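# Inside the fold
Single-letter residue listing:
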Amino acid sequence: MATPDPQTQPDFYKDVPLKRFMAWGVDAVLTFLACLVILPFTAFTGLFFFPLLFLVVGFIYRMITIANGSATWGMRLFAIELRTSQGTQLDMGGAFAHTLGYTVSWGVAPLQLISMVMMATTERGQGLTDHVLGTVMINRRAAHR
């Protein structure tokens, strides 16, 4: 099974870029809250390297949640999920690769800008990492009809 065709099955892609943005916001808040919970366990020295802590916690959160359902908790809240080019859910290797691509994009501002433009303008709403890996974000409810 391949990914749905946006011409013949547009419901799979309806509002996905907006949902991705809202899911990103939820995931950022969850990552921030997890970092706040971790801070006392670092004797509050984590305040000195908070951006690095946020990066590491976010990476682990994204990779594990994507590997265990092909979506972060934010993505699940907005009923979207990642699929491979074969239409299957991402495994741990795919989740690691996607999270690494996402992290590199955030670390290199022009890449993130390119990715955001691609999500807003491409037929399947794919970002740069999605294009490289052949993944696609689809509406979960449409996938289970």
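Residues numbered from 1 in each chain as written. Predicted model: local features only at pLDDT ≥ 70, side-chain atom pairs only at ≥ 80, totals over all residues. Heavy atoms only, no water.

### Section: the pattern of salt bridges
Summed over the entire model, instances satisfying the criterion amount to 4 salt bridges. A salt bridge links Lys 14 to Asp 15; the shortest N-O distance between them is 3.7 Å. Owing to a relative accessible area of 43%, Asp 15 belongs among the partly exposed residues under this scheme. Between Glu 81 and Arg 140 there is a salt bridge whose closest N-O contact spans 3.0 Å. Of this pair, Glu 81 sits in strand E1 (residues 80-83) while Arg 140 sits in helix H7 (residues 140-143), and the two are 59 residues apart along the sequence. One network of salt bridges, with partners in common, ties together Glu 81, Arg 83 and Arg 140. (Salt bridge = Lys/Arg side-chain N within 4 Å of Asp/Glu carboxyl O. Buried < 20%, exposed > 50% of the residue type's maximum accessible area, 1.4 Å probe, protein only. Helix = DSSP H or I, 4+ residues; strand = E, 2+ residues; numbered from the N terminus.)

### Remarks on the packing of aromatic side chains
On inspection of all chains with the given rule, the structure shows 6 aromatic pairs. Centre to centre, the rings of Phe 59 and Phe 96 are 5.7 Å apart; their planes meet at 70 degrees, and the pair counts as edge-to-face. Of this pair, Phe 59 sits in helix H2 (residues 50-67) while Phe 96 sits in helix H4 (residues 92-107), and the two are 37 residues apart along the sequence. In this structure Phe 96 comes out as partly exposed when scored by relative accessible area, which is 40%. Ring pairs connect the aromatic residues Phe 21, Trp 24, Tyr 102 and Trp 106, which therefore count as one cluster. (Phe/Tyr/Trp six-rings, centres within 6.5 Å; stacked < 30°, edge-to-face > 60°.)

### Observations concerning the packing of H2 against H4
Where H2 meets H4, the closest approach of the two axes is 8 Å, and the angle between their N-to-C directions is 145 degrees. In this structure, H2 crosses over H4, and the sense of that crossing is right-handed. In contact with Leu 55, Phe 59, Arg 62, Met 63, Ile 66 and Ala 67 of H2, H4 contributes Met 92, Ala 95, Phe 96, His 98, Thr 99, Leu 100, Tyr 102 and Thr 103. Each residue belonging to the contact of H2 with H4 can be placed in one class, and the counts come to 10 nonpolar, 3 polar and 1 charged. (Axes fitted to C-alpha atoms, helices over the stretch in contact; angles between N-to-C directions. Left-handed = near helix turned anticlockwise from the far one by under 90°. Contact = heavy atoms within 4.5 Å. Nonpolar A, V, L, I, M, F, W, Y, C, P; charged D, E, K, R; others polar.)

### Thoughts on helix H5 (residues 109-121)
With 13 residues, H5 ought to run about 18 Å at 1.5 Å a step, and its terminal C-alpha atoms sit 18 Å apart, in line with that. Listed in full, the buried residues belonging to H5 are Gln 112, Ser 115, Met 118 and Met 119. Take H5 and look down its axis: the buried residues cluster within an arc of 125 degrees, on one side only. H5 presents Ala 109, Pro 110, Leu 113, Ala 120 and Thr 121 as exposed residues on the side facing more than 90 degrees away from its buried surface. (Expected span 1.5 Å × (residues − 1). Arc of directions from axis to C-beta.)

### Considering the pairing of strand E2 (residues 136-139)
By the alternation rule, side chains of E2 split into Val 136 and Ile 138 and Met 137 and Asn 139, which are all buried. Bridge count for E1 against E2 is 4 bridges, and the pairing is antiparallel. Bridged to Glu 81 within E2 is Ile 138. (Pairing = 2+ DSSP bridges.)

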